[in-house]
Amino acid sequence: NRSQKKRERPGAANGEATKGVNGGVGATTEDISVPKDLDLIALPQLCFPGGLHIASEQREDSYHYLVFTDVFGNRTHAAVVQYYRPIQDGVQQNGLRSSSKSFRLYTPYGICVISKYPYYNALRDCLSCLLTQLKSCRMGDFEERVKEFSAKLALVPIPPPGQVHVVFSLRPLQIGLPPREGKDRPAVDLDLHLPFLCFKPRQLLQIVTSLLTEQRVVLFSCDWARLTLLAECLMLFIHPLLWQHPYVPVLSRQMLDFLMAPTAYLMGCHLNNYEEVAAETDDLILVNIDDGTVLSSRSDKVDLPDVPLAAKKCFITRVEGLQMHYDLELCHLGAGTDVNNLRAQRRQWQRELNTHIQNITMELIVNIFREVHDHLNYEHRVFNSEEFFRSRELVDQPFYKKVLDTHIFHSFLRDRLNRKMDAFTRMELITSPLNCDPFLRLRSMTESPRRPTMLEMARKHTTPESRLSKRLGASLPNLGEEVVSLVGPVRHTSFKMQMETGLRSPQKPFRSFKLPEFPPPLAYHYVQNYYQEMITLLGKAISVAAPDDSSLLARYHYLRGFVNTVAGKRLDALEDFQNLYKTDTDIFPGELVNALVDSLPEGERAQADRRPEIKRLISRVKRDHERERACGDDDGAVKRFQLPKKHMHLDEFVRHVQESGIVKDLGTIHRLFEALTVGQQKQVDPEIFRVFYTFWKETEAEAQEVALPTSALEHLEANECVFKLSSAVKTNHGVGKIAMTQKRLFLLTEGRPGYVEVTKFRDIEDVKISSTPFLLLRIPSLKIKTTLRKEMFEVNLKSEVDLWHLMIKEMWAGRKMADDHKDPQYMQQALTNALLMDAVVGCLQSQKAIYAATKLAHFDRMKFEVPMMVPKTTSETLKHKINPSSDRTSPQAVEVLLYTPGQLDASSDSGGDGNPKLWCALSDGKVVVFDAASWSIQQNQIQLGASRVNCMLGVDRQQVWIGSQDSIIYIISARSMSCNQQLTEHRSEVTGMALGELAYSCSAEGTVISWDVSTLRLRKSFRLSCDHLQSVKLCSGSLWCCARDCIMEVSKNGTVNRKISLPEEQLWTAFIDSGELCVWHLGDPNKPFQIIHLPDCAGVTCLIKVKNQVWVGGFGRSLAKTRGKIYVLNTQLLAIEKELVAHTDRVQALCSAEDRYVLSGAARDDGKIAIWKVE
């Protein structure tokens, strides 16, 4: 038995440094016969798991596969071939070789190739090529042939994640190494359809369940190769959940005592040991690969909960559509004569099938855990497991009860709380019902108490089997009827239709990079020449690649960087890695580059300092490395929500309320704190909090059971939810229960179930408490006057009258503010306030309960404290308001707005929905993206460094460039909403950008750079002498640059022009600390400028031209409060046409949406975006 290690020198795909990089060929003197940190004592047993037996006849070659796991959970993979050679191959007589016809014996030999990467097919092919040589060589040459073989493999680089396959020749075969699909996914080099050939979908789901619930699972087969291949497929099927327990796919006969381990595990044994293992060990899940059965060692029946019903149905439907028979693909083809072409065809078919299977299994995991994020609190890293469990269907709860407490799920939660953008997140976005149902997208925009809508109730009581899941998403009152669409009606696509048609993921085209032939003698000089030839080939590949194919260029630069590293060309390697910033930062190998920088000798370090790009790269890598060291390896703990056990002051109370998921908004929580501490010390008793939380959850649960008659469902809108139901009361329209939705009050009559409309909140004129005589008593009642009914509606609410009075007045005030300000969030907030009142009264149960509830009557109190009348001009011009900080605990200032037009004819292959988008940069450095067709949030947050965003620019409808205070221009793909390209040439904060044939950017110190948009190459850079360059605009072929002390017209080559020539006749300027505009008449330099005074304006922050108007954003002050103001001026008359009261804080940003709408963003105290109509 001989073992050799496959050593992929450039093999770290993302951040994995190559050990011992010290120039030359690499660590050529390093002993690579035994992998580091790997105990090979048991390797002979694993190479011959069935035992070492001498045979009396020649046997077929046999391959199988191994997986080793170290104490840190890192896995190493191996392929083993067993073949037989005769013990006596002949004798020498008189110098001549003669064959002996006596009885021969054959002894087995085992060769094991070990790799860090799971390239099972490639390792098997490599061993097959080696075996053809070994069978024909003498035993004296055996070891030399094996050493030469392993040395060749050490020269093969591992491809980075993406679309480039590395192909090399080991005669007689061409062998390919497929790349990983993404940095978070392992390479797939095995046939993923094998489990579907062995098991029916239901049995396969049982095995997946046993892994997700962390059972002790044992695989059995009479073929050792199947054990590892099936086990590895299962690991891929549950990705991104990672198996964290003992994992030994192949156990030899001598290792069966491993099965006595008390922990969960996944192991594999020969089928001959089935009866023995089943008899001696309890609580095992026994998986017979050969028979396709899943049994328990305790009984014939497997005691495992079923996978959630909706996910199960979807999975089975998908699997039924798989085409897993390669012979069907060959029907129209002739007999191939080139073995490598035949193998390439088979690999292409398998690659496409593997992609389909990965999509299906990923969708299974997504459907199981889709709603986990609804119960996460990212600020405090809390998962509310009890609430998540209660929201599951009853039939699915046994499954979740076992899964939620597992290590595998805890690790999954940590990734979700870290907002990891992995394959799970991408699949969740693709398959989300929000993408198929515009109504659900509107509901998901804001946080709101969870209640079932009328649409969900109708589904619940009619066709429960048609629902894929019970989504109790957030309800956004009244948004559906007021939303402004820029592209017409939103197309509806049913989720059911999506399930039936299957996942359509376009197959990404791949490229092959063919390595040069291996050098015959593997001496230093020849190996260096081999590296140089590889570098030359990669250089040619880079030169012929399309300049705008940044993804492909990144992979070639990545490979060349690694080859330069092992060839000792450190500076060239750093230059290649620097190019990854402009092509694809996702595959930047940070740890390797840091190690490479540390290994630079003084002379090369001095050369690096003289090359600006490499110097910047070194500085940035070191800074990032220090930041990572300061943060440590801890990705943050995951906490389960627990009720408090001691008295809470305000800060503690805020944390517990936010962790509970009841409400996030700080202002609301402060008012709730005041309500729960009325008449006592300012701290909340834990028992009071427990009763309050329990009441809130019980009320939420009761809403799930509300059964409305068909007559009520017919009158209510699909997105309405019942939030409050009174006890049986008498009214002047009969006896029944008063129900409250986010839009109206109605009466559910008793006896013969019926529906009586009371009023919509917007139609209320007055609400007051009265009393009705009854015998000798007077019963408290509530009278509601509405604009649609002459008589008042009276209801005898008895002891509930005070609470209903408060709730209805709050909802009425919220409705009025929402209508006046075109902001549905006011209604949502009023609804939250009303339900909190209900919970406060329910938990306090004392005379002060109603007084405490008044502390939450926020909008009703505002109605009297501050005149909320909206000026007529503002009301007529304002169309809608949206809140980019809806999922945050407090508002963030809107720093920059960018509108990007849509593509109405966009196909599904393009990856986008074709709708226009609004990009909103907030003060915390995050970017929120809205779908401008529905004004729903499409991407909740894109984090770009830790600095503030200064400017944004839409480029070719494919990219958005974002200039930051940290001097970097981040490039976001409008299709994937991800940022994997950066421009790092600026030395100070990027302050402005403009687009023409080239893109232009400027930074504060006066530098202006022009960029080639397709290649991202710097075309020209020049510096202007000015005080803090603030913006750049392109007009009539000239650049207009605005600084604190001047405005310059600059030619594209950097020359400051003395003469000003513009197609327009005016230049508008403003002051940030004064309400004045200056209009310069550029056509007549002798004509003096004109000053326009803006009434009630303390300063101007932004201005844009829309049609023949100039919209000016600024702020005024009233009663010591800042108010956001917008002034609309006529460019011909130089007169103010409209004065709009826009926000409760200064206007920070303005942008135009195709000259049809203007969007304004406000500073932090408001933090909202207003949509204005352009006339």
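What you are looking at is a predicted structure, and each value in this text was computed from that prediction instead of being measured.

**Some thoughts on the overall build of the chain**
Then step 1. The secondary structure content of the chain amounts to 33 helices and 51 strands.
Then step 2. Residues counted as buried form 56% of the 1175 residues belonging to the chain.
Then step 3. Of the accessible surface of the chain, which amounts to about 52,300 Å², a share of 50% is contributed by carbon and sulfur atoms.

**Looking at the pattern of salt bridges**
Then step 1. In total, this model carries 53 salt bridges according to the counting rule given.
Then step 2. Residues Lys639 and Glu659 are paired through a salt bridge, measuring 3.4 Å at the closest nitrogen-oxygen approach. Here the residue Lys639 occupies a position in strand E17 (residues 639-640), and Glu659 occupies one in helix H25 (residues 650-660), the gap between them amounting to 20 residues.
Then step 3. Salt-bridge contacts for Asp1012 lead to Arg1019; the nearest nitrogen and oxygen are separated by 2.8 Å.
Then step 4. For Arg1019, a relative accessible area of 52% gives the class exposed.

**Details of the packing of aromatic side chains**
Then step 1. Counted by the stated rule, this structure contains 28 aromatic pairs.
Then step 2. Every member of this aromatic cluster is reached through a ring pair, and the members are Phe369, Phe383, Phe388, Phe399, Tyr400, Phe409, Phe412 and Phe424.
Then step 3. Above the plane of the ring of Phe1115 lies Arg1146, whose end atom (NZ or CZ) is 3.9 Å from the centre.
Then step 4. In this structure, Lys1168 packs its charged tip against the face of Tyr826, placed 4.5 Å from the ring centre.

**Structural notes on the confidence of the model for the chain**
Then step 1. Across the chain, the average pLDDT comes to 83, with 85% of residues at 70 or higher.
Then step 2. Here residues 1-33 is modelled with pLDDT under 50, and outside its nearest four sequence neighbours on either side it reaches 106 contacts, counting other chains as well.
Then step 3. This stretch, residues 462-501, has a pLDDT under 50; its non-local contacts, to residues over four places away or in other chains, come to 116 contacts.

**Here we look at the sheet that holds strand E36 (residues 999-1003)**
Then step 1. Read across the sheet, 4 strands follow the order E35-E36-E37-E38 without closing on themselves; strand pairing throughout is antiparallel. What marks the edges here is a single partner per strand, and that holds for strand E35 (990-995) and strand E38 (1018-1023). Averaged over all pairs of adjacent strands, the angle between strand axes in this sheet comes to 15°, irrespective of strand direction.
Then step 2. In the sheet, E35 pairs with E36 via 5 bridges, with the strands oriented antiparallel. When the bridges of E36 are listed, Met993 appears paired with Ser1001.

**Re the sheet that holds strand E27 (residues 894-900)**
Two modes of strand pairing occur in sheets, parallel and antiparallel, and in both the strands are linked by backbone hydrogen bonds.
Then step 1. If you trace the 4 strands from one edge of the open sheet to the other, you get E27-E28-E29-E30, paired in antiparallel fashion. The open sheet has two free edges, formed respectively by E27 and strand E30 (936-943), since each of these has just one partner strand. With strand direction ignored, the average angle separating the axes of adjacent strands in the sheet is 20°.
Then step 2. The pairing of E27 with strand E28 (residues 917-922) spans 6 bridges and is antiparallel. Within E28, the residue paired with Tyr899 across the bridge is Leu918.

**Focus on the packing of helix H9 (residues 339-369) against helix H13 (residues 423-431)**
Then step 1. Relative orientation of the contacting elements H9 and H13 amounts to 80°, with a least axis distance of 9 Å. Viewed along their axes, H9 and H13 adopt a mutual orientation that is roughly perpendicular. The segment H9 lies against H13, with Asn359, Met362, Glu363, Ile365, Val366 and Phe369 engaging Ala423, Phe424, Met427, Glu428 and Thr431.
Then step 2. Residues belonging to the contact of H9 with H13 are distributed by class as follows: 7 nonpolar, 2 polar and 2 charged.

**Observations concerning the side chain of Asn833**
Then step 1. Within the fold, Asn833 resides in helix H30 (residues 824-844).
Then step 2. Excluding its chain neighbours within four sequence positions, the residues that come into contact with Asn833 are Thr668, Arg671, Glu810, Leu856, His858 and Phe859.

**A word on unusual backbone geometry**
Then step 1. Note that the residue after Arg171, namely Pro172, is joined by a cis bond; omega there is 15°.
Then step 2. Inspection of the secondary structure assignment puts Pro172 in the loop between strand E7 (164-170) and strand E8 (173-177).
Then step 3. Residue Leu1134 is not a glycine yet carries a positive backbone phi of 55°.
Then step 4. Locating Leu1134 in the fold gives a position in the loop between strand E47 (1121-1130) and strand E48 (1135-1143).
Then step 5. Accessibility expressed as a relative area gives 12% for Leu1134, which makes it buried.
Then step 6. Positive phi outside glycine occurs at Asp1155, with the angle close to 60°.
Then step 7. Inspection of the secondary structure assignment puts Asp1155 in the loop between strand E49 (1147-1153) and strand E50 (1157-1162).
Then step 8. Here Asp1155 falls in the partly exposed class, since its relative accessible area comes to 30%.

**What to know about a nonpolar patch on the surface**
Then step 1. Together, Ile54, Ile87 and Leu105 make up an exposed nonpolar region whose accessible area comes to about 280 Å².
Then step 2. For Leu105, the position within the fold is in the loop between strand E5 (96-98) and strand E6 (106-115).

**Considering the side chain of Ser210**
Then step 1. As for its position among the elements, Ser210 is in helix H5 (residues 201-212).
Then step 2. When residues no more than four places from it in sequence are discounted, the contact partners of Ser210 are Gln215, Val217, Ile285 and Leu304.

**Some words on H30**
Then step 1. Taking 1.5 Å per residue, 21 residues should reach 30 Å; H30 reaches 31 Å between its end C-alpha atoms and fits that length.
Then step 2. The buried fraction of H30 amounts to 21 of the 21 residues, a majority that puts the element mostly inside the structure.

**Quick notes on the state of the cysteines**
Then step 1. Tallied over the full model, the rule gives 0 disulfides.
Then step 2. No disulfide involves Cys1002; its nearest neighbouring cysteine sulfur is the one of Cys1041, lying 6.4 Å away.

What counts, and at which threshold
- Residues numbered from 1 in each chain as written.
- Predicted model: local features only at pLDDT ≥ 70, side-chain atom pairs only at ≥ 80, totals over all residues.
- Heavy atoms only, no water.
- Helix = DSSP H or I, 4+ residues; strand = E, 2+ residues; numbered from the N terminus.
- Buried < 20%, exposed > 50% of the residue type's maximum accessible area, 1.4 Å probe, protein only.
- Areas by Shrake-Rupley, 256 points an atom, 1.4 Å probe, with all protein chains shown as cover.
- Salt bridge = Lys/Arg side-chain N within 4 Å of Asp/Glu carboxyl O.
- Phe/Tyr/Trp six-rings, centres within 6.5 Å; stacked < 30°, edge-to-face > 60°.
- Lys NZ or Arg CZ within 6 Å of the ring centre and 35° of its normal.
- pLDDT = per-residue confidence, 0-100.
- Contact = heavy atoms within 4.5 Å.
- Pairing = 2+ DSSP bridges.
- Axes fitted to C-alpha atoms, helices over the stretch in contact; angles between N-to-C directions.
- Parallel < 35°, antiparallel > 145°, perpendicular 65-115°, else oblique.
- Nonpolar A, V, L, I, M, F, W, Y, C, P; charged D, E, K, R; others polar.
- Patch = residues over 30% accessible without salt bridge, like charges linked within 9 Å, V, L, I, M, F, W, Y side chains within 5 Å.
- Expected span 1.5 Å × (residues − 1).
- Disulfide = S-S within 2.5 Å.

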